[in-house]
Amino acid sequence: MANDRKGWADKPENRRTVRLVLYIACVLLVLADFFVHRHAEMPAEKVPAFYAWYGFISLVAVVLSAKVLRMIVKRPEDYYDDAS
Amino acid sequence: MTLLELHPFTPFLIAAILALFTRGWLRSLIMLAAPVVGAWHLLGAEPGTIMQLKFLDWILEPYRVDKLSLMFGYVFHIGAFIAVLYSLHVKDTMQHVAGLLYAGSALGVVFAGDLISVFVFWEILGLSSTFLVWASRDERSWKAGMRYFQFQVLSGVLLMAGLLWYVYGTGNLLFNHIGLESGAGWLIFLAFGIKAGFPLFHNWLTDAYPASTATGTVFLCMFTTKAAIYALARGFPGAEPLIYIGAVMACYPIFFAVIENDLRRVLSYSMINQLGFMVVGIGVGTSLALNGAVAHAFNDILFKGLLFMTMGGVLYVTGRTKASDLGGLYRTMPVTATLCIIGAATISAFPLFSAFVSKSMIMSALLHEGHWAVWLAMLFASAGVLEHAGIKIPYFAFFAHDRGIRAQEPPFNMLAAMVIAALLCIGIGVYPKLFLDILPFPTDYSPYEIGHVLTQMQLLAFAILGVVFLHRTGLYPAEIPAVNLDFEWLWRKALPGMAHGVLVVLRWIRFTTRDELEAIRQGGIYLASKRSLQLALSRKWPTGSMVMWVGVFLALVLLAGIINELAG
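Figured I'd write up the structure that's included with this text. (Residues numbered from 1 in each chain as written. Chains lettered and ligands numbered in written order. Predicted model: local features only at pLDDT ≥ 70, side-chain atom pairs only at ≥ 80, totals over all residues. Heavy atoms only, no water.)

### Section: the pairing of strand E2 (residues 58–64) of chain B
All names here are of chain B.
Then, number 1: Burial runs high along E2: five of the seven residues are buried.
Then, number 2: Across five bridges, the pairing between strand E1 (residues 50–55) and E2 is antiparallel. Across the sheet, residue Ile 50 finds its bridge partner in E2, namely Arg 64.
Then, number 3: Linking two consecutive strands that pair antiparallel, namely E1 and E2, is a turn of two residues; a positive phi of about 55° is found at Leu 56 within it. (Buried < 20%, exposed > 50% of the residue type's maximum accessible area, 1.4 Å probe, protein only. Helix = DSSP H or I, 4+ residues; strand = E, 2+ residues; numbered from the N terminus. Pairing = 2+ DSSP bridges.)

Rendered as structure tokens:
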């Protein structure tokens, strides 16, 4: 049965490889920022690797604020069943 | 009428009627033929073609072709073909007929040259799509469909009021730039906005789309909101409020999408987020921005359709769409999983996928016009898209925790429809020239400029790094079966609660029967109004039948008036 053995995506070594590729890609992308001339239209864009840290911080901020939002808006699954 | 003047609604109307009387392969053939015939006709349509019709003293233009309507016309035909193909295995006449009329009426809206024609197709659009919501034929879809229908009706009523005021004020019936200079303009603006998913009016979308069938949602996600985007682009290009409305639309759904458990509801929130980008583009109103908005609407039909199709496939095979019930399907559904990842990469706007081309036009336009704060907000929203649509959807459905679900690939027709959409997502991304050439407004834009590709890759790679960081540190929120309150709380909980309170008081002063009170308790406002209607028509309450006869009398007077007007 398929369930008895682990698929490729469940093996820890494969997961580690995928992460490693991501880390290397991130390093290369930041390094590239110093060699590729990119056309900056607004002040913030001139900051080195602006897009990299803005992407990282945005994502972490979205997820962490969503966790706070969940504390406020979470209700049982049958919440609307008795009224609507 | 020659074939050259064929109205785009006609093939769909004929196919819908024929679908009522046919079964099996013949019906499949007829349904597939409608978008093919329509598209074939459209390829020969010249911008500037107008079909006129005299109605009373007014000249109507139910068919007007220009580059803007053509762009939507093309993609609606492609979308209709994909959605019909995807639903061929379904043996439900109601869904097929409703789907065809729905796709056809969306075409009616984008090719309507006057506001009366827009209104007529606007209403068919709302009504036919409601039947697609109801097609699940369960309690949830019935109630969600009723709520959905009320918003569609509200939009229609506002449009009617707005267009009467507009025509009275300007003497102009044609649907061109309307603007926000008058109250009439605002009414029409709001009517379009409701169907475009404006904030506070958005919950019909997140409520109804996840409640429809696996195939119904694919139709739904393609037409209503994009017809509304077309209408805004036609009537309100450069309207400044749209910039801020769009920015809000792009930002707030991403928080709800992170914690939502139903993956089709995640996609519904994600859809509002993408509509936000289009609305911002229309608000900026330059050639580049409008092209971006139209191009993004075009691409969204394909990539959001693809994502809804993959989730529909999962629903069809497993009967589940909740993240807390799914996972590990990549081994038994590798093709669907791959297609889902293509859709996810597209919506995240990776280079070489279609959304990269269209979204970057809107982003560049924002920078060119100096809207820096909005630009930062949209960049923030782009990272949010990557989280909920790029990672969450494929990860929780196909990877994450293996729940030991027995599954296989969905039927061939579903896979074929997904493959077509996926190929278009990649095709437009890899070779955008053909696509950019048919855009309605003149610009010379090249998306693959090295600095731009680099910055987009930095944004996305580090956003993925953010996801990995949150997972590794255990900060990433778990999938929890729950309902998350949104603005819909007002009409799903607060208003019924208030109505209940009123009834209790009425009961207390002996004004209401016990039956009505019980009806409110059991089923809320709809059941109560149904029950009240039954009571009103019953003999138990003499004033009830009086109310009905007054209604019948008024209807007859109206009918007599219309006949008189037509005869005279």
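### What about helix H9 (residues 216–235) of chain B?
Then, number 1: The terminal C-alpha atoms of H9 of chain B lie 29 Å apart, and with 20 residues this matches the ideal 28 Å at 1.5 Å per residue to within 8%.
Then, number 2: Among the 20 residues in H9 of chain B, 20 count as buried, and that is most of the element. (Expected span 1.5 Å × (residues − 1).)

### Some details on the interface of chain A and chain B
Then, number 1: Taken residue by residue, the interface counts 53 residues in chain A and 67 residues in chain B.
Then, number 2: In this assembly, chain A packs against chain B so that about 5,600 Å² is buried in total across both faces, 68% of it on carbon and sulfur atoms.
Then, number 3: Broken down residue by residue, the surface that chain A buries against chain B is led by Tyr 51, Arg 70 and Tyr 80 of chain A, which jointly contribute 13%.
Then, number 4: Run the count over chain A and chain B and you get one salt bridge.
Then, number 5: Among the ionic pairs, Lys 322 of chain B bridges to Glu 77 of chain A, the shortest N-O distance being 2.8 Å.
Then, number 6: For the side of chain A that touches chain B, the secondary-structure elements that each account for two or more residues are helix H1 (12–33), helix H2 (50–73) and strand E1 (74–75) of chain A.
Then, number 7: Partitioning the side of chain A that touches chain B into residue classes produces 31 nonpolar, six polar and 16 charged. (Contact = heavy atoms within 4.5 Å. Buried area = accessible area lost by both parts, 1.4 Å probe. Salt bridge = Lys/Arg side-chain N within 4 Å of Asp/Glu carboxyl O. Nonpolar A, V, L, I, M, F, W, Y, C, P; charged D, E, K, R; others polar.)

### Examining the environment of Leu 352 of chain B
Residues and elements named next belong to chain B.
Then, number 1: Residue placement: Leu 352 occurs in the loop between helix H13 (334–347) and helix H14 (354–368).
Then, number 2: Considered as a pair, Leu 352 and Ile 428 are 76 residues apart in the sequence and their alpha carbons are 8.0 Å apart.
Then, number 3: When sequence neighbours within four positions are dropped, the list of residues in contact with Leu 352 reads Cys 425, Ile 426, Gly 429, Val 430 and Tyr 448.

It is worth stressing that arrangement in space is one thing and function is another; only the former is reported here.
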